[in-house]
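Observations on the model geometry
Listed here are the chains, written in short residue letters.
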Amino acid sequence: DAKTTQPTSMDCAEGRAANLPCNHSTISGNEYVYWYRQIHSQGPQYIIHGLKNNETNEMASLIITEDRKSSTLILPHATLRDTAVYYCIVRPTSNDYKLSFGAGTTVTVRA
Amino acid sequence: KAGVTQTPRYLIKTRGQQVTLSCSPISGHRSVSWYQQTPGQGLQFLFEYFSETQRNKGNFPGRFSGRQFSNSRSEMNVSTLELGDSALYLCASSLFGSSNNEQFFGPGTRLTVL
């Protein structure tokens, strides 16, 4: 599986957009980019995923570069409840896939 | 729809004991996966069950086992507990399997082994 690199932590002001970068330079053609987040003392929560086109849902937007070697998760209007650890992973669609997370980015939204 | 539920939420055991954790998936979901999360190792896959059959297995010793019932509820068991088994155990359910659908996680069971 392709490895991902994320910043350890970042701060964001409440109401502003939070842009979370992720590098995945060894991504393969059949691997998707997935984002999850984990709020303290809760289970991980799926946010969004994409292959090569930009994606948007009610939670966030995902921008994937044309060469697919990096992506950015955008939380358009961060709230205090968005404070969490955000995980970027790349995963194939094979049946043998086993989800795993690295250290992720600890995002702190400040009032 | 109710989310994934896990019981108990917190558990304290001593070395050598055994423990059983329970997970109820989202109604209609047939796949249940179990994960162990620790600060040092991050999230690690234990096993996945689909229609009462273990479909995938991670690299954990045989002390870790699981099963799935006909109603898709799942249990995992850890025997002869060790201090290193202290972790957050997460259960995730999905419609058809962990490979093709986003998984929905429960709140986890926090196991402390003394």
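What this report covers is the structure whose coordinates are included nearby. (Residues numbered from 1 in each chain as written. Chains lettered and ligands numbered in written order. Predicted model: local features only at pLDDT ≥ 70, side-chain atom pairs only at ≥ 80, totals over all residues. Heavy atoms only, no water.)

1. Brief notes about the sheet that holds strand E8 (residues 84-92) of chain A
Residue and element names in this part refer to chain A. Strand order in this open sheet of 5 strands is E1-E9-E8-E3-E4, and the pairing throughout is mixed. One side of each edge strand has no neighbouring strand; the edge strands of this open sheet are strand E1 (9-13) and strand E4 (45-50). The sheet shows a mean angle of 25 degrees between the axes of neighbouring strands, direction not considered. With 5 bridges connecting them, strand E3 (residues 31-38) and E4 associate as antiparallel partners. Bridge pairing links Arg-37 to Gln-45 in E4. (Pairing = 2+ DSSP bridges. Helix = DSSP H or I, 4+ residues; strand = E, 2+ residues; numbered from the N terminus. Axes fitted to C-alpha atoms, helices over the stretch in contact; angles between N-to-C directions.)

2. Details of unusual backbone geometry
Residues Thr-7 of chain B and Pro-8 of chain B are joined by a peptide bond in cis, for which omega reads -10 degrees. Considering the arrangement of structural elements, one finds Pro-8 of chain B in the loop between strand E1 (5-7) and strand E2 (10-13). For Arg-68 of chain A, which is not glycine, the phi dihedral falls at a positive 65 degrees. Structurally, Arg-68 of chain A can be placed in the loop between strand E6 (61-64) and strand E7 (70-75).

3. Some thoughts on the pattern of salt bridges
Across all of its chains, the model carries 7 salt bridges over all chains by this definition. Notably, a salt bridge pairs Arg-37 of chain A with Asp-82 of chain A, separated by 2.8 Å at the nearest N-O pair. Of this pair, Arg-37 of chain A sits in strand E3 while Asp-82 of chain A sits in the loop between E7 and E8, and the two are 45 residues apart along the sequence. Like Asp-82 of chain A, Arg-37 of chain A is buried. In this structure, Glu-75 of chain B and Arg-67 of chain B form a salt bridge, with 3.2 Å as the shortest nitrogen-oxygen distance. You can call Glu-75 of chain B buried: its relative accessible area is 17%. Taking relative accessible area as the criterion, Arg-67 of chain B reaches 46% and is therefore assigned partly exposed. Linked by salt bridges that have partners in common, Arg-63, Glu-82 and Asp-85 of chain B make up one network. (Salt bridge = Lys/Arg side-chain N within 4 Å of Asp/Glu carboxyl O. Buried < 20%, exposed > 50% of the residue type's maximum accessible area, 1.4 Å probe, protein only.)

Keep in mind that these numbers describe shape and distance, not what the molecule does.
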